[in-house]
Every structure is written in structure tokens, then in C-alpha cells.
Amino acid sequence: MSKDYVLKTDDNEIIRLTTFGKIDDPCIIFVHGFKGFKDWGFGPYLADYFSSNGFFVITFNFSLNGVGESLTEFDELDKFARNSFSREVEELNFIISSFRNGFFGEVDPDKKIGLLGHSRGGADAILCGSSNDNVSAVATWSAVAKLDRYSDRQKKEWKEKGYFEILNSRTNQMMKMDYSFLKDIEENSESSLSMKKAVANMNKPLFIVHGEQDVAVPVTEAETIFNWSDKSKTELLIIHNTGHTFNVQHPFSGSNEKFEILLNETNIFFNKQLN
């Protein structure tokens, strides 16, 4: 059973959320990635999977992820342009506090919360989870270790033009990112947006999963995150012969052997850490 919600941010932007399962169960919050959204490909499927395995699952769209009322189309490109890592981490913290404060229904104060992030959402989950005491465990799928992924030439042009354009190869849309996105990374790279510090300070279980054939985010980034981590609290799983989305496409056409391995191993992790 799923239920839709809307949260309003302090600046009146909208975070659209869908919950699955029973509020009495331990909570997993799924964090989508760059050019992602809660209803992309495996989103609803993984939510059904974890809720059927005894978890209360929250999926959501960041308010500035570019997807509006359609839920599946990038129809708010002006908002996409204004997004930032710091804003995403802030919104994730807001969702956690909303859960704790009973927005989705009354919850036991001892109920545990796990974060599950894909790609850029994996970085959000680490940055938030490392510093938020309400989070008991973090799992990442295909997570980025580097937030600054741009060449000097790209950054020079970005600053001069005030924006950077990327092609969404799936939708064939040119998507702008304002210079404020890069400025946020550069200004906070040694503090609130330092992945190395966040991982090193992660005093809770961390499960890192990556596809060996990931061309969008090389598997070496998973190894980097693992190298930064407390090995007594961290697990690294490399799944062979699969890539960034573990052989799942959008629109969703069904699961596969690699994705089922991913779900099963992540379920084992969260069962151990949240139950």
C-alpha cells in the first residue's frame, strides 16, 4: 500500500513523497540521484520490495530535481538549474525530522532510520547520515566519491556564462545548472560537503554497493569511499557484469538477476542494522 504526501520547504518549494508499508516498521528513506526521481525505473519496485520485507519506505523528489506534477517528466528545468548539494542534504534532513515529528503518522521514538542513496543520492545519504544522529545506517548504490566532477575548462566556461549545460540523453533535453551549484561545492569542499570527512566520521554501519562495469561512476569511487571508512563498520560489495543502474531501465520493464542480488544483500544489511 502506498500513500502520497507533500512537504513545503521554507522557501515554498514542494517535496513530493510516496510512502510504502506500515509506519510501525523500521524506516528506509530512498534518495534518488542526478537526473533521477522517485518514480524512475526501479524506484517503486524497490519500495515495494523493502516494504514487503518489513520496512516503512519513503521515496521522494528533491524540490529542485526538475520533475514537477507530472512525476515522470523534467517539466521544471528552471528549478533544476537552481539545485545544489547543500540544498539536497538540507531537504533530506528535513524529511528525517518530519518523520520523527509524526508527519507520516505517530512513530516510536526508538524506531530506527536507514538511508539508501543511488549515485549522487548516495553522496547525499553519506553527507546527511554521517552528521544526523537520527540515522542508524547508510547504504549506497553506485555512489559518487567526487562532488567536483568538472574539468578546469568546463569550470572556467561555467563561471563566465553563469551556467553549465548537460544533455539528458534519455529525454534529449539540454539541462542548465547555474554557477551557484559549482560555487556551493567549491566553498564547502573542506567542510559540510567533504565526502572524505563525512565517511571518516561515519560512526554507524555503511554498506557500499557498486556495479563493476559502471561507466557513469567508476567502481574506483566505491573503493575510494571504502578506503576512507572505518572498516569495522563498513561493507563493500562489487557486483560483476553490471553497470550504474544494475541493468534496470526507465520505463521499468522488470527486474533481473543482478538487481535481485542487490536488493537481497541490501535487505540483509538493513535487517541486521535496523531491526
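This section reports on the structure supplied with the text. (Residues numbered from 1 in each chain as written. Predicted model: local features only at pLDDT ≥ 70, side-chain atom pairs only at ≥ 80, totals over all residues. Heavy atoms only, no water.)

**Observations concerning the overall build of the protein chain**
Operational definition: Only DSSP runs of H or I with at least four residues qualify as helices, and only runs of E with at least two residues qualify as strands; both kinds are numbered from the N terminus onward. Atoms considered for the radius of gyration are the C-alpha atoms alone. The globule rule reads 2.2 Å times the number of residues to the power 0.38. Categorising residues by exposure relies on relative accessible area from a 1.4 Å probe, with only protein chains included: less than 20% of the type maximum marks a residue as buried, more than 50% marks it as exposed, and the intermediate range marks it as partly exposed. By definition, residues are in contact when any of their heavy atoms lie within 4.5 Å. Here the Shrake-Rupley method, with its probe set to 1.4 Å, supplies the accessible areas, and only the displayed protein chains count as covering residues. Neither His nor the chain termini are counted; the positive set is Lys and Arg, and the negative set is Asp and Glu. A charged residue contributes its charge at one atom only: NZ of Lys, CZ of Arg, CG of Asp or CD of Glu.
Of regular secondary structure, the protein chain possesses nine helices and ten strands. Over its C-alpha atoms the protein chain spans a radius of gyration of 18 Å, differing by no more than 12% from the 19 Å that the globule rule assigns to 275 residues. On the principal axes, the C-alpha backbone points of the protein chain span a range of 50 × 40 × 40 Å. Counting only residues that meet the buried cut, the protein chain has 55% of its 275 residues in that class. The long-range fraction of contacts in the protein chain, counting pairs at least 24 apart against all pairs at least 6 apart in sequence, stands at 70%. Of the accessible surface of the protein chain, which amounts to about 12,200 Å², a share of 46% is contributed by carbon and sulfur atoms. Averaging the locations of the 30 positively and 40 negatively charged side chains of the protein chain gives two centres separated by 3 Å.

**A closer look at the environment of Ile28**
Structurally, the position occupied by Ile28 is in strand 3 (residues 27-31). C-alpha of Ile28 to C-alpha of Phe55: the two residues are 27 residues apart in sequence and 6.6 Å apart in space. Apart from residues lying up to four places away in sequence, Ile28 is in contact with Phe50, Phe55, Phe56, Val57, Ile58, Gly114, Leu116, Phe270 and Leu274.

**Focus on the pattern of salt bridges**
How we decide: Whenever a carboxyl oxygen of Asp or Glu lies within 4 Å of a side-chain nitrogen of Lys or Arg, that contact is scored as a salt bridge.
Counting across every chain of the model gives 14 salt bridges. For Glu76, the salt bridge goes to Lys79, with nearest N and O atoms at 3.7 Å. Of the two residues examined, Glu76 and Lys79, each falls in the buried class. Linking Arg153 and Glu157 is a salt bridge whose minimum nitrogen-to-oxygen distance equals 3.7 Å. In this pair, Arg153 and Glu157 are both assigned in helix 5 (residues 152-161), four residues apart and thus about one turn of the helix distant. Beyond isolated ion pairs, a larger network of salt bridges with shared partners links Glu13, Glu76, Lys79 and Arg82.

**Focus: the side chain of His210**
To keep things clear, this is the line we draw: Within 3.5 Å is the distance limit for a polar contact, defined as a pair of N or O atoms, with the added protein rule that one can donate a hydrogen and the other accept it, and that residues adjacent in sequence qualify only through two side-chain atoms.
With respect to the helices and strands, His210 occurs in strand 9 (residues 206-211). Of the polar contacts made by the side chain of His210, one reaches the side chain of Asp214; its length is 3.2 Å. Among residues more than four places away in sequence, those in contact with His210 are Ser142, Ala143, Val217, Pro218, Val219, Ala222, Leu237, Ile238, Ile239 and Phe246.

**Description of the sheet that holds strand 6 (residues 135-141)**
Here is the rule: Between any two strands, at least two bridges found by DSSP are needed for them to pair. To obtain an axis, a line is fitted to C-alpha atoms, over the contacting stretch when the element is a helix, and the angle between two such axes runs from 0 to 180 degrees between their N-to-C directions.
The strand order across the open sheet built from eight strands is 1-2-4-3-5-6-9-10, with neighbouring strands paired in mixed fashion. Bordering the open sheet on either side are strand 1 (2-8) and strand 10 (234-239), each of which pairs with just one other strand. Across this sheet, the average inter-strand angle for adjacent strands is 20°, counted without regard to direction. Sitting on the sheet, helix 8 (residues 219-228) touches strand 9 and strand 10, and the angle it makes with strand 9 is about 165°.

**Brief notes about the environment of Asn132**
Mapped onto the elements, Asn132 comes out in the loop between helix 4 (120-131) and strand 6. Distance in space between the C-alpha atoms of Asn132 and Asn93 is 7.5 Å, their sequence separation being 39 residues. For Asn132, the side chain forms a polar contact with the main-chain nitrogen of Asn134, separated by 2.8 Å.

**A few points about the pairing of strand 6**
The two faces of a sheet get side chains in turn, since along a regular strand they alternate between them. The test is simple: Orient the strands so they point away from the viewer; a crossover is then right-handed if the path from the first strand over the helix to the second runs clockwise.
Of all seven residues making up strand 6, six are buried, and the element is well covered by its neighbours. Taken together, the six bridges between strand 5 (residues 113-118) and strand 6 define a ladder with parallel strand orientation. Counterpart to His118 in the pairing with strand 6 is Trp141. Following the chain from strand 5 across helix 4 to the adjacent parallel strand 6, one finds a crossover that is right-handed.

**A look at the packing of aromatic side chains**
Quick reminder of the rule: Two aromatic rings from Phe, Tyr or Trp, using only the six-membered ring of Trp, form a pair when their centres are within 6.5 Å; if the ring planes differ by under 30 degrees the pair is stacked, by over 60 it is edge-to-face, and anything between is tilted. Over a ring means this: the NZ of a Lys or the CZ of an Arg is within 6 Å of the ring centre and within 35 degrees of the ring normal.
Scanning all chains against the criterion turns up 28 aromatic pairs. Geometrically, the ring pair formed by Trp141 and Phe246 is edge-to-face, given 6.3 Å between the ring centres and 70° between the ring planes. On the criterion of sequence distance, the pair formed by Trp141 in strand 6 and Phe246 in the loop between strand 10 and helix 9 (257-274) is long-range, its members being 105 residues apart. With relative accessibility at 0%, the residue Trp141 sits in the buried group. You can call Phe246 buried: its relative accessible area is 0%. One aromatic cluster is present, formed by Phe30, Trp40, Phe42, Tyr45, Trp141, Phe246, Phe252 and Phe259 through successive ring pairs. One cation-aromatic arrangement involves Arg120 over Phe85; the distance from NZ or CZ to the ring centre is 4.9 Å. The ring of Phe226 carries the charged tip of Lys231 above its face, separated from the ring centre by 5.4 Å.

Any functional reading would require information that these geometric values do not contain.
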